[in-house]
Amino acid sequence: MVNYSLYRIGQALALALPIRRAYALAVLFSDLHYLFAWHDRRVTLDNLKAVFPEKNNAEIRRIRKAIFRNFAKYLVDFFRSSEIDRFYIEKNVRIENIRYVEYGLSRGKGVITLTAHLGNWELGGVAIALSGYPFAAVALPHKDRRVNSFFNSQRQVKGVKVIPVGKAVRNCLDVLNQNSVLALLGDRSFNEKGIEVDFFGKPTLLPAGPAALSLKTGATLVPGFMLRNPDDTFTLRFEKPIENEGSGDRESDIRALVCSYKTVIEDYIRRYPEQWSMFRRFWIE
């Protein structure tokens, strides 16, 4: 009840105010929340220390506060989904290396865009959909049905097909068989069936789904990240497709692909740590 009401209030404010004022208000609320969110502060501090063991506490805390502020801006953008159109994308989003997505689609087996909780991953999907590419994304359902409906409607109104985690496999296969673009998050395993890998030198579980789907369907695996620029415009950047011809050993091939895309994700987190919105303990204790 409380969360749903807060989301609605947040949306009303985000739509009523000019974007700059909405961002400023969001940052103010973020700073207030930061004072009391002791659990989120501790988790993000521990995560950042694992990524940057060489940085001092003052620098780690600066990055941590920036994470909270960037996430607040992410929510403003999400609440303003109804205002986002193709003109907004053309004006505010620079898309780099879209040729990698088009290459995958030219092969006729669909494209898996692999991303992370980095920058504004939701807006990245909207940008792809509004640019004319058939697009679907797997999302974790919220426990509150009203909140879940609210979030999904914000996505669907801009042409993003939402696939709930619990029904993902069959629907993902359908999307790829239709030669569409499917977005999957690669930095969080939603169950205990992930692949254990060293991430910044410490063990964690990363999802095997993107690798398994790519091997099963032949879909092209393309890393992509929607990054916030200092002026609050965005860069949607795609990286070279991750290729794997397959050795015939399914488990070995899946692990090889997971290790390939975890390296890309590590690189982006290292370069843009202020935009990594990971408010949960990431590594295996």
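Note that the structure is predicted; figures quoted are calculated from it, not measured.

*Asks:* Outline the side chain of Thr220, listing residues and values.
*Replies:* Tracing the sequence through the fold places Thr220 in strand β8 (residues 220–228). Thr220 gets classed as buried once you look at its relative accessible area, which sits at 4%. For Thr220, the side chain forms a polar contact with the side chain of Arg107, separated by 2.8 Å. Non-local contacts of Thr220, meaning those with residues more than four positions away in its chain, are made with Tyr103, Gly104, Arg107, Gly110, Val111, Ile112 and Pro241.

*Asks:* Account for the side chain of Glu122, naming residues and giving values.
*Replies:* With respect to the element layout, Glu122 can be found in helix α7 (residues 121–130). For Glu122, the residues in contact, after removing those within four places along its chain, are Tyr74, Phe78 and Arg155.

*Asks:* Can you tell me about the sheet that holds strand β5 (residues 181–185), naming the residues and giving the values?
*Replies:* Judged by pairing direction, the sheet is mixed, and its 7 strands sit side by side in the order β1-β9-β8-β2-β5-β3-β4 without closing on themselves. Only two strands of the sheet have a single neighbouring strand rather than two, namely β1 (93–96) and β4 (160–164). Sheet twist, expressed as the average angle between the axes of neighbouring strands with direction ignored, equals 25 degrees. Sitting on the sheet, α7 is in contact with β2 (111–115), β3 (135–139), β4, β5, β8 and β9 (234–238), with an inclination near 75 degrees to β9. In this fold helix α11 (residues 250–271) packs onto β2, β8 and β9, with an angle of close to 10 degrees to the strand it touches most, β8.

*Asks:* Go over empty space enclosed by the protein, please, and point to the residues and values.
*Replies:* Unoccupied space between atoms shows up once a probe the size of one water molecule is rolled over them. The full count for this structure, using the stated rule, is 1 cavity of 30 Å³ or more. As for the largest cavity, its lining consists of Asn70, Phe71, Tyr74, Gly119, Arg228, Gln275 and Ser277. The leading source of residues in the lining of the largest cavity is helix α4 (residues 57–79), at 3 residues. Counted by class, the lining of the largest cavity contains 2 nonpolar, 4 polar and 1 charged residues.

*Asks:* Provide a residue-level description of the packing of aromatic side chains, including the pertinent values.
*Replies:* This model, assessed by the stated rule, comprises 19 aromatic pairs. Arranged with centres 4.9 Å apart and planes meeting at 75 degrees, the rings of Phe282 and Trp283 form a pair that is edge-to-face. Trp283 shares its class with Phe282; the two are buried. An aromatic cluster of three or more residues is present, and its members are Tyr34, Phe68, Phe71, Tyr74, Trp121 and Phe279. The ring of Phe52 has Lys55 lying over it, and the distance from NZ or CZ to the ring centre is 5.0 Å.

Rules used throughout
All residue numbers refer to positions counted from 1 along the written sequence of the respective chain. With the structure being a predicted model, the display of local features is reserved for residues of pLDDT at least 70 and the display and counting of side-chain atom pairs for 80 or more, all residues being used for whole-chain, interface and lining totals. Side-chain numbers here rest on the full set of heavy atoms in the structure, without hydrogens or water. Labels follow the DSSP assignment, with helices taken as runs of H or I lasting at least four residues and strands as runs of E lasting at least two, numbered in each case from the N terminus. Whether a residue is buried, partly exposed or exposed follows from its accessible area with a 1.4 Å probe, protein chains only, as a fraction of its type maximum: under 20%, in between, or over 50%, in that order. For this analysis, a polar contact is any N or O atom pair within 3.5 Å, provided that within protein one partner can donate a hydrogen and the other can accept it, and provided that sequence-adjacent residues contribute only side-chain to side-chain pairs. Every residue pair with non-hydrogen atoms within 4.5 Å of one another is taken to be in contact. Note on pairing: two strands pair once DSSP finds at least 2 bridges between them. Here the axes come from fitting lines to C-alpha atoms, over the contacting stretch only for helices, and the angles between their N-to-C directions go from 0 to 180 degrees. Think of a 1 Å grid over the protein atoms and nothing else: a 1.4 Å probe that fits but is trapped marks a cavity, an open set flanked by protein within 12 Å on at least five of seven lines marks a pocket, and residues with an atom within 4 Å of a point count as lining. Grid points are joined across faces, edges and corners, and a volume is the space filled by probe spheres set on the points. All residues other than Ala, Val, Leu, Ile, Met, Phe, Trp, Tyr, Cys, Pro, Asp, Glu, Lys and Arg, Gly among them, are scored as polar; the first ten of these are nonpolar and the last four charged. Aromatic rings from Phe, Tyr and Trp, taking only the six-membered ring of Trp, are treated as a pair when their centres fall within 6.5 Å; an angle between ring planes under 30 degrees marks them as stacked, one over 60 as edge-to-face, and anything in between as tilted. Both a distance and an angle decide whether a charge sits over a ring: NZ of Lys or CZ of Arg must be within 6 Å of the ring centre and within 35 degrees of the ring normal.

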